[in-house]
Amino acid sequence: MAGNDWINSYLEAILDVDTGINDNNNKSSSLLLRERGRFSPAQYFVEEVITGFNETDLHRSWVRASSIRNSEERNTRLENMCWRIWTLARKKKQIEVEESQRRTKRRLERENAHREATADMSEDLSEGEKGDTVGDISVRGDSVRGRMPRVSSIDMMANLASPHADKKLYIVLVSLHGLIRGENMELGRDSDTGGQVKYVVELARALGSTPGVYRVDLLTRQVLAPDVDWTYGEPTEMLNPLNPENHFNEIGESGGAYIVRIPFGPKDKYLSKEVLWPHIPEFVDGALAHILQMSKVLGKQIGSEKPLWPIAIHGHYADAGNSAALLSGVLNVPMVFTGHSLGRDKLEQLLNQGRQSREEINSTYKIMRRIEAEEITLDVSEVIITSTRQEIEEQWRLYDGFDPVLERKLRARIKRNVSCHGRFMPRMVVIPPGMEFRNIVSQDGDIDGEIEGNEDSYGAHDPPIWSEIMRFFTNPRKPMILALARPDPKKNLITLVKAFGECRQLRELANLTLIMGNRDAIDDMSSTNSSVLLSILKLIDKYDLYGQVAYPKHHKQSDVPDIYRLAAKTKGVFINPAYIEPFGLTLIEAAARGLPIVATKNGGPVDIHRVLDNGVLVDPHDHQSIADALLKLVSEKQLWCRCRDHGLNNIHLFSWPEHCKTYLARVTSCKQRQPKWQRSETANADSESDSPGGSLRDIHDLSLSLKISLDGEKNEGIGSLVLKGQEMATDSNTNQMMKSAPLKLSANESMEKQENSRLPSLRTRKFIVVIAVDSDSIADILDITKIIFEVVKTDNKDTTASSQHSIGFILSTSWSMSEINCVLEKAGLKSSYFDAFICNSGSEIYYPSSNSSESQYIMDSDYHPHIDYRWGGESLRNTLVRWANSINDKKKEPVITELDSGSSHCYEFRVRDPSLIPPFKELRRLMRIQALRCHAIYCKNGERINVIPILASRAQALRYLYVRWGMELSKVVVFMGESGDSDYEGLLGGLHTSVILKGLSIGAASKIHDNRSYPLEHVIPTDNTKSVECDKCDRDGIKATLGKLGLLKSSPGDSVNDRAE
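Summary of the structure given here. Keep in mind that this is a model prediction, so the values were computed, not measured.

### Points about the overall build of the protein
Line of reasoning, step 1. Per the secondary structure count, the protein includes 39 helices and 27 strands.
Line of reasoning, step 2. Within the protein, buried positions represent 60% of all 1061 residues.
Line of reasoning, step 3. Taking as baseline every contact in the protein between residues at least 6 positions apart, the subset at least 24 positions apart corresponds to 74%.
Line of reasoning, step 4. Of the roughly 42,300 Å² that the protein leaves accessible, carbon and sulfur atoms contribute 48%.

Encoded structure:
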């Protein structure tokens, strides 16, 4: 019962100070009290009760309060409050139990999958798999100090021995959220404009100044909102080079580093990162157009007859990583990723706090969409750059797609040229962020004389920010404890103020300066930030810290170095007390100005301290240890000087030149996989690319010599590919149709002689109509297609021949080309009506040949090499078959049957009852745990499963047609149902126009999306101006919709009856 006295005291205190806990307007059951923008002492005591005592003590307090109830209002409130707090504590315990069960299940699944993966790789590589290869920077490598030579100045960058100095490299960086500009960065303006913004800008600037790098583009969002500065709306901003005196003589006309702002999302709104997800496809389309255009320009500038293709696409944070994965796939170039902070780690921390359920966290932070984006980066990335080993060992290993042990095994097998059985892992590389030291005056000597000899030197020549800070202090010459972080709960500034306030010796010895971003009014801040700031102000009042704590409202980015200098001049200390710090760039900045550090022991500061050895690491949850560390550094003069000297002597290990040197070594070691047609084109390819013959010359590989016949007969001299038509047919009638309409691929047809070839016309079409309606019946899809054809044909019947061909058509479906062909003519359609067919969920692209009378098709032979990256092949198929057999064994009947899709890049399975199999997210997760990279598409109302390469999809196939043939995405109109296959979301958003056919695909197809890891609403634009609805799927409804879009010659305002037939 000892605990009850404390509980009762807290409850009495709550009643004395606030009634907020009984506020009827606060009906949410969330326990996240500090982040509601309504912080009060009552809420503080509630948190203390919930987190500090067990359920039994809480129940006893309630029983005690109810037993002494009388007519007094105070006792009634006490009883009610006890019951509510007890309920909250029980909910917290329930959340903890559920999460523990979830983790246990996840661990067992991972162990089983890893055992299965190891069984496939049964060869004895015990020696090679025990550790990392020589010279690698790995999660178990030597200290950074042993690997990185000291660089004395940024001016030595030009003298660095670099094997890339004679190259012309083009690098693309992507960072979407926050406000990004080259000068006067508004760091701390909001939670999205922080250290990542500074990092990516300085990285772009440093890479642009590195020998061998011709151009660096930092792609971000263009913001034209009235509440932000106009500079964020400028399409392009050149970054000043690190060494301008030599740089401009070396770069070309468009060389150097640039911020390129791509318009996407609402033009007049500044959006937080949590609501950017629906607009990612639009950014990808816009960025793709910029990269293609810039590649052509740079290629001409360096005297090459080919475009200067990017050597890598580097995404920063989950949203940009998702974008970079799509860009990397469609351009077929390596991807690099830096997480900065990771979603699973954040989710674990929030769940461990027990204040919010998983559903509440996902609703607030869109955390599951973020985690899926990070899993996608693991699927696609060649290299993942981390700042510390802790990020690899404790954060990345939480993901399905990465396991450190399996990664080392695979790397050892690759080194010894042993098969990995279709399994792939990205290479994790530790490269600490750099820093620019050109403007830093090294203080190698003792600064005691400077301070003691200039006691009255504070004056007119001091930086303005000094007086802004010192006006808070009664005695501004006392040592300054400096913290620089935005007022975010995870930065733990409240604990810092509490530690300072409760240590009398520290208060007497030092001042505390809190640089918490920029603000005008507290009411204008976000609820989370304002809650933290108000808590700090109340603690200042509680401990009577007036005259001892500074918290200026404004500072410029250029003031930050001066703030560090002021703290160093007073022999102060810099502190980063964050609960967990991914890296800690401010620690490096402080050390460069001669400041010892106190930092959290969780995360990157551990590695920084190992290199610099200039301070103390502390437990961020223990305010007493924080106070002791600060007092020790400030009070012991010899220790302070020793830490200062260590920091100054070792700080150049974190220079940008070294960072860029290591960065380029890693990036250039990635296998370059440019598009096949660029690799195979001759020297005069640019001049021929616009001609039909030149465009089609390289579509003539082995697949063009195949004649596919569904009856299985082999054609001598040509070769054949037999498809199992009986397995693919859903009934005998369909099977009979497939036999009567054999699919033929043109036999080595001479493409350049086709005068009426349809492929180059993709770039000249006024509009491209894409039919992407999903259904379990191909006949239903072709019926809709026929209606659209008839509407367009009728509208153009009196126009000229050139106008009749102004609209092209593409069929995009999960069905195979054989299945489409078998019912095409029966539906009254010819293959020649289409410009292209995107089949097997985007894993194959076909074009109609000129000899349409024989229903011949041309397979795009460049597309398979384009999407072949990390395709698991037969090993993937074997794993899928085992998975299907395990499902059948559990159900004791055949639920999943393997089919033959006739494609080497699509494994197909038929599902007897979709309700008997796990949701598609579970299959995707299983493949990732085994390091098999693929897309598992549940299609045809859940009756089929198509497993295709990770870089393939129907949406990516449209972008491929843009890259390959110049088909303008803004001219594309995609017809879709209200729901569809599990890849449905990929077709929403982007530069194309989406037409939603109401009433289609709303039955079984919608059930596919019921068990998603995140709601479909999180990725669908709610205010998408490029999306229209067609209320009727008949001739009149589609005609009216096409008219509104301007695809028909009649004006959008005309009624259907008034328009010419």
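### Observations concerning the packing of helix H10 (residues 343-353) against helix H12 (residues 367-380)
Line of reasoning, step 1. In contact at an axis separation of 8 Å, H10 and H12 are set at 145° when each is read in the N-to-C sense. Where H10 approaches H12, its residues Gly343, Arg344, Lys346 and Leu347 are matched on the opposing element by Ile367, Met368, Arg370, Ile371, Glu374 and Glu375.
Line of reasoning, step 2. Among the residues forming the contact of H10 with H12, the class breakdown is 4 nonpolar, 1 polar and 5 charged.

### Description of the nonpolar core
Line of reasoning, step 1. Phe283, Ile313, Leu331, Trp396, Ile810, Leu961 and Met967 are the most contacted members of the largest nonpolar core, which has 102 residues in total.
Line of reasoning, step 2. Counting residues per element, this core draws most heavily on helix H8 (residues 280-301), at 9 residues.
Line of reasoning, step 3. Discounting chain neighbours no more than four positions away, the residues touching Leu961 are Leu762, Ile810, Ile838, Ile845, Tyr847, Gly966 and Met967.
Line of reasoning, step 4. Core analysis: the next-biggest nonpolar cluster, separate from the first, contains 74 residues, Phe472, Ala499, Val598 and Val618 among them.

### Notes on the side chain of Ser381
Line of reasoning, step 1. Examined against the element boundaries, Ser381 turns out to sit in the loop between H12 and strand E7 (383-386).
Line of reasoning, step 2. With relative accessibility at 0%, the residue Ser381 sits in the buried group.
Line of reasoning, step 3. A polar side-chain atom of Ser381 sits 2.7 Å from the main-chain carbonyl oxygen of Thr377.
Line of reasoning, step 4. Those residues in contact with Ser381 that lie beyond four places of it in its chain are Met335, Phe337, Pro426, Tyr869 and Arg870.

### Description of the sheet that holds E7
Line of reasoning, step 1. Here 8 strands make up an open sheet; going across it, the order is E3-E4-E2-E1-E5-E6-E7-E8 and the pairing mixed. Every other strand in the sheet has two partners, leaving strand E3 (236-238) and strand E8 (427-430) as the edge strands with one partner each. Strand-to-strand, the axes of this sheet are offset by a mean angle of 20°, without reference to chain direction.
Line of reasoning, step 2. Pairing geometry for strand E5 (residues 312-316) and strand E6 (residues 335-338), over 4 bridges, is parallel. Along E6, the bridge assignment pairs Ile313 with Met335.
Line of reasoning, step 3. On the sheet, helix H6 (residues 195-208) packs against strand E1 (169-174), strand E2 (213-221), strand E4 (256-262) and E5 and is oriented at approximately 160° with respect to E2.
Line of reasoning, step 4. On top of the sheet, H8 reaches E1, E2, E4 and E5; it is set at about 160° to E2, its chief contact.

### A short note on the environment of Trp656
Line of reasoning, step 1. Counting through the fold element by element, Trp656 comes out in helix H25 (residues 656-668).
Line of reasoning, step 2. Classification of Trp656 by relative accessible area gives buried; the value is 1%.
Line of reasoning, step 3. Separated by 220 residues in the primary sequence, Trp656 and Glu436 have C-alpha atoms spaced 6.2 Å apart.
Line of reasoning, step 4. Within the structure, Trp656 has its side chain in polar contact with the side chain of Glu202 (distance 3.1 Å).

### Focus: the pairing of E1
Line of reasoning, step 1. Across the 6 residues that make up E1, a large majority, 6, are buried.
Line of reasoning, step 2. Of the two faces of E1, the one holding Leu169, Ile171 and Leu173 and the one holding Tyr170, Val172 and Val174 are both buried throughout.
Line of reasoning, step 3. Each parallel crossover has a hand, and for E1 linked through H6 to E2 it is right-handed.

### Observations concerning the sheet that holds strand E22 (residues 907-911)
Line of reasoning, step 1. If you trace the 4 strands from one edge of the open sheet to the other, you get E21-E22-E24-E23, paired in antiparallel fashion. The open sheet has two edge strands, strand E21 (896-899) and strand E23 (934-939), and neither has a second partner. This sheet shows a mean twist of 25° between the axes of neighbouring strands, independent of strand direction.
Line of reasoning, step 2. Relative to strand E24 (residues 944-949), E23 runs antiparallel, the two sharing 6 bridges. The partner of Ile937 across the bridge, within E24, is Asn946.
Line of reasoning, step 3. In the packing of helix H35 (residues 873-891) onto the sheet, contacts are made with E21, E22, E23 and E24, and the angle to E22 comes to roughly 10°.

### Topic: the packing of aromatic side chains
Line of reasoning, step 1. Tallied over the entire structure, the rule returns 15 aromatic pairs.
Line of reasoning, step 2. Ring centres 5.6 Å apart and planes at 80° place the aromatic pair Phe837 and Tyr857 in the edge-to-face group. Here Phe837 is found in strand E18 (residues 836-839), whereas its partner Tyr857 is found in strand E20 (residues 856-859), with 20 residues between them in sequence. The two residues Phe837 and Tyr857 agree in class, both being buried.
Line of reasoning, step 3. Positioned above the aromatic ring of Tyr869 is the side chain of Arg673, whose terminal nitrogen or guanidinium carbon lies 3.7 Å from the ring centre.

### What to know about the pattern of salt bridges
Line of reasoning, step 1. Counted according to the given criterion, the structure contains 47 salt bridges.
Line of reasoning, step 2. Asp229 is paired through a salt bridge with Arg181; the nearest N and O atoms lie 3.3 Å apart. Placement of Asp229 in the loop between E2 and E3 and of Arg181 in the loop between E1 and H6 is noted, with a sequence separation of 48 residues between them.
Line of reasoning, step 3. Residue Asp229 is classed as partly exposed on the basis of its relative accessible area, which comes to 31%.
Line of reasoning, step 4. By relative accessible area, Arg181 is classed as buried at 13%.
Line of reasoning, step 5. Between Arg959 and Asp285 there is a salt bridge, with its nearest N and O atoms 2.7 Å apart. One end of the pair, Arg959, is in helix H37 (residues 954-965); the other, Asp285, is in helix H8, and 674 residues separate them in sequence. Each member of the pair, Arg959 as well as Asp285, carries the same accessibility label: buried.
Line of reasoning, step 6. When salt bridges with common partners are traced through the structure, they connect Arg181, Glu186, Arg189, Asp190 and Asp229 into a single cluster.

### Topic: helix H9 (residues 317-331)
Think of an α-helix as 3.6 residues a turn; residues three or four steps apart then line up on the same face.
Line of reasoning, step 1. Taking 1.5 Å per residue as the helical rise, H9 with its 15 residues ought to reach 21 Å, and the 20 Å between its terminal C-alpha atoms agrees with that figure.
Line of reasoning, step 2. For H9, the tally of buried residues reaches 14 of 15 residues, placing the bulk of the element in the interior.
Line of reasoning, step 3. Looking one or two residues beyond H9, the residue adopting positive phi is Asn332, at roughly 60°.

### Here we look at unusual backbone geometry
Line of reasoning, step 1. Notably, His421 is not glycine yet its phi reads approximately 55°, a positive angle.
Line of reasoning, step 2. Mapped onto the secondary structure, His421 falls in the loop between helix H14 (404-415) and E8.
Line of reasoning, step 3. Its identity as a non-glycine residue notwithstanding, Asn941 has a phi of 60°, on the positive side.
Line of reasoning, step 4. Looking at the element boundaries, Asn941 is found in the loop between E23 and E24.

### Some details on the packing of helix H11 (residues 358-365) against H12
Line of reasoning, step 1. As a packed pair, H11 and H12 sit with axes 6 Å apart at the nearest point and diverge in direction by 75°. Taken together, the axis directions place H11 and H12 in an arrangement best described as roughly perpendicular. Of H12, the residues touching H11 (which contributes Arg358, Ile361, Asn362 and Tyr365) are Ile367, Met368 and Arg369.
Line of reasoning, step 2. Taken together, the residues that form the contact of H11 with H12 break down as 4 nonpolar, 1 polar and 2 charged.

### Looking at the environment of His1018
Line of reasoning, step 1. Relative to the helices and strands, His1018 resides in the loop between helix H38 (1004-1007) and strand E27 (1027-1030).
Line of reasoning, step 2. Look at His1018 and you get buried, because its relative accessible area is 13%.
Line of reasoning, step 3. Put simply, His1018 and Lys366 are 652 residues apart on the chain and 7.2 Å apart in space, counted from C-alpha to C-alpha.
Line of reasoning, step 4. Contacts of His1018, omitting those with residues within four sequence positions, involve Trp277, Pro278, Asn362 and Lys366.

Thresholds applied
Residues numbered from 1 in each chain as written. Predicted model: local features only at pLDDT ≥ 70, side-chain atom pairs only at ≥ 80, totals over all residues. Heavy atoms only, no water. Helix = DSSP H or I, 4+ residues; strand = E, 2+ residues; numbered from the N terminus. Buried < 20%, exposed > 50% of the residue type's maximum accessible area, 1.4 Å probe, protein only. Contact = heavy atoms within 4.5 Å. Areas by Shrake-Rupley, 256 points an atom, 1.4 Å probe, with all protein chains shown as cover. Axes fitted to C-alpha atoms, helices over the stretch in contact; angles between N-to-C directions. Nonpolar A, V, L, I, M, F, W, Y, C, P; charged D, E, K, R; others polar. Core = buried A, V, L, I, M, F, W, Y, C linked by side-chain atoms within 4.5 Å. Polar contact = N/O pair within 3.5 Å; in protein donor to acceptor, adjacent residues only side chain to side chain. Pairing = 2+ DSSP bridges. Right-handed = clockwise from strand over helix to strand, strands pointing away. Phe/Tyr/Trp six-rings, centres within 6.5 Å; stacked < 30°, edge-to-face > 60°. Lys NZ or Arg CZ within 6 Å of the ring centre and 35° of its normal. Salt bridge = Lys/Arg side-chain N within 4 Å of Asp/Glu carboxyl O. Expected span 1.5 Å × (residues − 1). Parallel < 35°, antiparallel > 145°, perpendicular 65-115°, else oblique.

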